[in-house]
Amino acid sequence: MTPTWTDQAPIYQQLADRLAVQLLDGSPPEGEALPSVRQLASQYVINPLTVTRALQALSDHGLIESRRGLGMFVMAGARERLLRHEREQFLQKDWPSLRAKLKRLGLTAKDLNWEST
């Protein structure tokens, strides 16, 4: 299945976001290598330069590091840093509008089933 991209953000940023979600899920684990630029470019059907830019964005955020001649590796503590950042973003940006929508719809915590998918 070919990945879909939106016009909401540059493709490199969308890829960086997708890779960050994978890091949150523990894939690959801390200390392990990411797939190569060529592998990612082939998997996501994009230019290798776009992949490089996405990986640079993750590196700039201290999530991955380049090991000369070996590739890109997930840094120790990356998942925890990413989790802390994502929680903060959710509470500051997403939660207020979500809470307002729940209030408009008359929904309470009792109406929400956290366990269902």
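Quantities reported herein were computed from a predicted structural model and do not represent experimental measurements.

Considering the environment of G62
- Residue placement: G62 occurs in the loop between α3 (48–60) and β1 (64–67).
- Spatially, the C-alpha atoms of G62 and L82 are 9.2 Å apart, while their sequence positions differ by 20 residues.
- When neighbours within four sequence positions are excluded, G62 is seen to be in contact with M75 and R81.

Re the confidence of the model for the protein chain
- Per-residue confidence for the protein chain gives a mean pLDDT of 94; residues scoring 70 or more make up 97%.
- Put simply, helix α4 (residues 78–105) is where the protein chain has its lowest mean pLDDT, 95, and α3 is where it has its highest, 98.

Concerning the pairing of strand β2 (residues 71–74)
- Examined bridge by bridge, β1 and β2 share 4 bridges and lie antiparallel to one another. Counterpart to I64 in the pairing with β2 is V74.
- What sits between the antiparallel neighbours β1 and β2 is a turn of 3 residues, in which G69 has the positive phi angle 80°.

Cut-off values and rules
- Residues numbered from 1 in each chain as written.
- Predicted model: local features only at pLDDT ≥ 70, side-chain atom pairs only at ≥ 80, totals over all residues.
- Heavy atoms only, no water.
- Helix = DSSP H or I, 4+ residues; strand = E, 2+ residues; numbered from the N terminus.
- Contact = heavy atoms within 4.5 Å.
- pLDDT = per-residue confidence, 0-100.
- Pairing = 2+ DSSP bridges.

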